[in-house]
Amino acid sequence: GTGTTTWVYDFSQGNRDQKDLLGGKGANLAEMTNLGLPVPPGFTITTDACRFYLEHGSTPPDLADQVTEHLTALEKAMGKTLGDPSDPLLVSVRSGAAASMPGMMETVLNVGLNDESVQGLAAQSGSDRFAWDSYRRLIQMFGKTVLDIDGEAFEEALDDAKREQGTDLDLDLDADHLRDVVGRFKEIVRAHTGRDFPQDPREQMDLAINAVFDSWNSPRAILYRRRERIPPDAGTAVNVCSMVFGNLGADSGTGVAFTRDPGSGAQGLYGDYLQNAQGEDVVAGIRNTVPLADLERIDRGAYDELLATMARLESHYRDLCDIEFTVERGKLWMLQTRVGKRTAAAAFVIATQLVDEGLIDMDEAVRRVSGDQLAQLMFPRFVSGGDATQLTQGMNASPGAAVGRAVFSSEAAVEWAQRGEKVVLVRRETNPDDLSGMIAAEGVLTSRGGKTSHAAVVARGMGKTCVCGAEELQVDTKAKRFTAPDGTVVSEGDVVSIDGSTGRVWLGEVPVEDSAVVRYFEGEIDPESADADDLVRSVHRILTHADAQRRLDVRTNADTPEDSARARRFGARGIGLCRTEHMFLGDRRQLVEKLILAEGDADRQAALDALEPLQKQDFLEIFEAMDGLPVTVRLLDPPLHEFLPDLTELSVRVAVAEAQGESDEGTLRLLAAVRRMHESNPMLGLRGVRLGLVVPGLFAMQVRAIAEAACERRAAGGDPRPEIMIPLVGAVQELEAIREESERVLADVSAAKGVEVDALIGTMIEVPRAALTADQIAQSAEFFSFGTNDLTQMTWGFSRDDVEAAFFHAYLDKGIFGVSPFESLDRPGVGRLVEIAVERGRSARPGLKLGVCGEHGGDPESVHFFHEVGLDYVSCSPFRVPVARLEAGRAAL
Ligand code: ADP
Ligand code: MG
Ligand code: MG
């Protein structure tokens, strides 16, 4: 009728595009159902219902009726009723949010079993053991997730039962033992909750549904969302799915699989299978799984059908899929699929494979990879050798090279990391409670579980190095140590190195080398040659396509010839920011001191004259490295006192000297100057253009050095393209004054050398006032370069050097922002100022060249923004150049 909301959808009613409403799991179960794949029937309760529940603290009033309607239909279709004593329908109640949150929320299996229906299940299946095993699983999962009982209590009771039978295998427990375990479990429930385990099947189901809703706000789910930037109010759907049983005996089992290798992208069969098992048994690492390929031997029919289904899913989704399946007495059932997580390397390789298979085009391939993934591929790799000793080799679960001190618990990982130590988290297996430790660690090492174990899946998602299933290691988390096969004992705090690409584990620190992708960017690997592997070839193809699509130019921030040359090899088309401050450091500090202490014009000029040839030499080399490409030189920006000694230190030095009767004139003058120049707020003080206006001849000297270097390069047949950039301008008058002076110097040098020097003169836009008066400033500026670091600092009033330590973590915790505005551009605030400046600047000077040179120039999200507002280029550090090229290409698609 009118005004009613549909809270529940049958699996046959949805499709994969309805993730927001049905959650990822529900949408894909629906998609598979409609593809005609063997999915156990069921229905999905929407995320709308969850949001209602979270907001009101109770389910929507009409939800129960809608659930009843769908349950009745399900019962009819299955020919069984929920919890029927003689032949029960059983269901699973499964969480499933729009964004994948593996293992973060709750699922309860075997709902509908009770003291009576367990008998019915036994009779129908012909297996007492199976029925009692299913019942004990229900009480265990229900107790833990619905009734909030510590899972340890059940684990211990189960361990006790096994110990009494002299075994440590679940499978050695027979029906009688399991009936006994059920008794103990029910006792635990009574002791912890003061009531009996609920016998009413519908009550079980309803409680489980609410528990799934509640699990949205479990601490680990909250932490995971924050880390993955998943909105906190999206809510989860709940899937009610009729049970199929992998624990019916040796002809049954359960497994997980990928349609390609999620580690490398290689084609083939990847997965784990466990006979006579249910649900989480595979990923929990409790028993050792067999490789999926073994299923061919175990059950040829199920195996063939599985392979055909996987191929079908891949071509349907046009991407790598991961799946959960169960074999019940030889019959294959699909329990889940989704486009699978993969490593950065696999993402590139798979994208181009799919192009070659005709499933996607190159535009789509570029969309399927990200700048963050490319950045990961540029991390260094281990070099063999060194004096570290290899301890063992586990499985290469998530690539990368991690070196750190071994820690054995999530808490320890967090604690050590907070002290600034790099750590490797070592566990027998991880579970969702280890998330904070995994985040804090450089890498994760486990002794159990395969490539689909919790550790492996979560580490890959986070781009964190992981070696799993290193079975030769005896991990003793209580004693905080592990023992290698050769008897070596590694204790908490010992340095280990783990290689997520090969699975190798060493004691000690292994040296690292450039990755193949970096060597390709360096020109050391020809992507067309036999030296290039699939990954290098894919990166080359994808970047070539991105370059052809992008509208943004990419420049680099570099102030040495080496960095300039490297950035150029990495694809930079010029320098967007050449800082000149480092040119005032080192040996030259003394000259700067002379400049500051100068008592008259002659003194000052002498100091400047001494600095100039040194500056010129710097520019010569940089112009040469960037021959034919623009080089934007920023005139001196930081406060001059940064080049002087620290006030306290110097005061102490003077006091000591005086006490010994040794104080000298020079030191005293220096101290006076330091005192005079001391500022309480140096970042808002005498710096940038203000220095140029206050210290006579300083900027003129820098411009002269630029002009003379350009003349000399030209005389030598080069093609220098200097651009002079004035920092921290807030008013056009500031810029005009410096511009006049600079033009005079350029003209002087041109006349003196008889060579025309062309240099654009422009400004940084990094003070909010400059953005707001950009139309005026543009009258005097041939280009703008947004200094988004300072612009962010001044727009928010955040001191960039202090906020990280002072309060950003609290801001991030409280969700005031999801990511630091210094990392990713704050669009509504700082971004709005950029937009205003672009619009006003171009209105005054249509050809105005616009770029950005803050850290944001290499941040993927921000690059998209700069594309959208119509900048001409982004500039970033040399290592971010390929990332910016890729993201600029993606932004243009
Ligand atoms: P997660 O999101 O943590 O993977 P799932 O809802 O997929 O949780 O379920 C947990 C486990 O139980 C998985 O191994 C899944 O395949 C299995 N499972 C879920 N529903 C059923 C069912 N109806 N029959 C058999 N196994 C199921
Ligand atoms: Mg699952
Ligand atoms: Mg600045």
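It should be emphasised that the depicted structure is a prediction, and the values quoted were computed from it without experimental measurement.

Each value, and the rule that gives it
Residues numbered from 1 in each chain as written. Chains lettered and ligands numbered in written order. Predicted model: local features only at pLDDT ≥ 70, side-chain atom pairs only at ≥ 80, totals over all residues. Near = placed C-beta within 6 Å. Helix = DSSP H or I, 4+ residues; strand = E, 2+ residues; numbered from the N terminus. Nonpolar A, V, L, I, M, F, W, Y, C, P; charged D, E, K, R; others polar. Axes fitted to C-alpha atoms, helices over the stretch in contact; angles between N-to-C directions. Parallel < 35°, antiparallel > 145°, perpendicular 65-115°, else oblique. Left-handed = near helix turned anticlockwise from the far one by under 90°. Contact = placed C-beta atoms within 7 Å. Pairing = 2+ DSSP bridges. Buried ≥ 20, exposed ≤ 12 C-beta atoms within 10 Å, placed from the backbone. pLDDT = per-residue confidence, 0-100. UniProt positions renumbered as here; feature names shortened; annotations may be inferred.

A. Summary view of the site of ligand 1. Residues in contact with ligand 1 amount to 16 residues; listed here are only the nearest, S92, R94, T107, G279 and E324. Elements supplying a minimum of two residues to the shell around ligand 1: strand 3 (91–97), strand 4 (107–111), strand 5 (236–242), strand 9 (321–328) and strand 10 (331–339). Class assignment of the residues belonging to the shell around ligand 1 gives a composition of six nonpolar, seven polar and three charged.

B. Geometry of the packing of helix 20 (residues 534–549) against helix 35 (residues 881–892). It is the contact of helix 20 with helix 35, at a shortest axis distance of 8 Å, that shows an interaxial angle of 60°. Relative to helix 35, the element helix 20 lies oblique. Here helix 20 runs over helix 35; the crossing is left-handed. Contact with helix 20, carried on its side by L543, H545, A546, D547 and Q549, involves P882, R885, L886, G889, R890 and A892 of helix 35 and no other residues of that element. In the contact of helix 20 with helix 35, the residues fall into five nonpolar, three polar and three charged.

C. Region of interest: the sheet that holds strand 17 (residues 465–468). Strand order across the open sheet formed by eight strands is 12-22-21-14-15-16-17-13, with mixed pairing between neighbours. Here the strands that pair on one side only, and so sit at the sheet edges, are strand 12 (389–393) and strand 13 (395–398). On average, each strand axis in the sheet is tilted by 30° relative to the strand beside it, whichever way the strands run. One ladder, built from three bridges, connects strand 14 (residues 401–407) with strand 15 (residues 423–427); its direction is parallel. The partner of A406 across the bridge, within strand 15, is V424.

D. Geometry of the packing of helix 34 (residues 860–868) against helix 35. Helix 35 packs onto helix 34 with a crossing angle of 50° between their chain directions and a minimal axis gap of 9 Å. As summarised for this structure, helix 34 and helix 35 are arranged oblique, according to the angle between their axes. The way helix 34 lies across helix 35 gives a crossing that is right-handed. Packed against helix 34, whose contacting residues are P860, V863, H864 and H867, the element helix 35 presents V883, A884, E887, A888, A891 and A892 at the interface.

E. Region of the structure containing the pairing of strand 3. In terms of burial, strand 3 is largely enclosed, as seven of its seven residues are buried. The alternating pattern of strand 3 places V91, V93, S95 and A97 and S92, R94 and G96 on opposite faces, both of which are buried. Of the pairings in the sheet, the one linking strand 3 to strand 4 comprises three bridges and is antiparallel in character. The residue bridging V91 from the neighbouring strand is V111, located in strand 4. Here strand 3 pairs with strand 5 via seven bridges, running antiparallel. Looking at strand 5, one finds that G96 is bridged to A237.

F. View of the confidence of the model for the chain. In this model, the chain carries an average pLDDT of 93, and 99% of its residues clear a pLDDT of 70 or more. Scoring the predicted complex yields pTM 0.83 and, for the interface, ipTM 0.96.

G. Examining the sheet that holds strand 7 (residues 267–275) more closely. Pairing is antiparallel in the open sheet, where five strands are placed in the order 8-7-6-9-10. Every other strand in the sheet has two partners, leaving strand 8 (290–291) and strand 10 as the edge strands with one partner each. Pairing between strand 9 and strand 10: eight bridges, direction antiparallel. Within strand 10, the position partnered with D322 by the bridge is R338. Sheet strands in contact with helix 12 (residues 300–317) are strand 6 (253–260), strand 9 and strand 10, and its direction is about 155° off that of strand 9.

H. How the structure looks around the UniProt feature "active site" (unreviewed entry) in the chain. Residues given the UniProt feature "active site" (unreviewed entry) here are H454 and C853. In sequence the annotated residues extend across 400 residues, and in space they extend as well, their farthest C-alpha pair lying 40.3 Å apart. Here H454 is to be found in helix 18 (residues 454–462). With respect to the element layout, C853 can be found in the loop between strand 30 (849–852) and helix 34. When sequence neighbours within four positions are dropped, the list of residues in contact with C853 reads N557, G576, L577, S785, G787 and S875.

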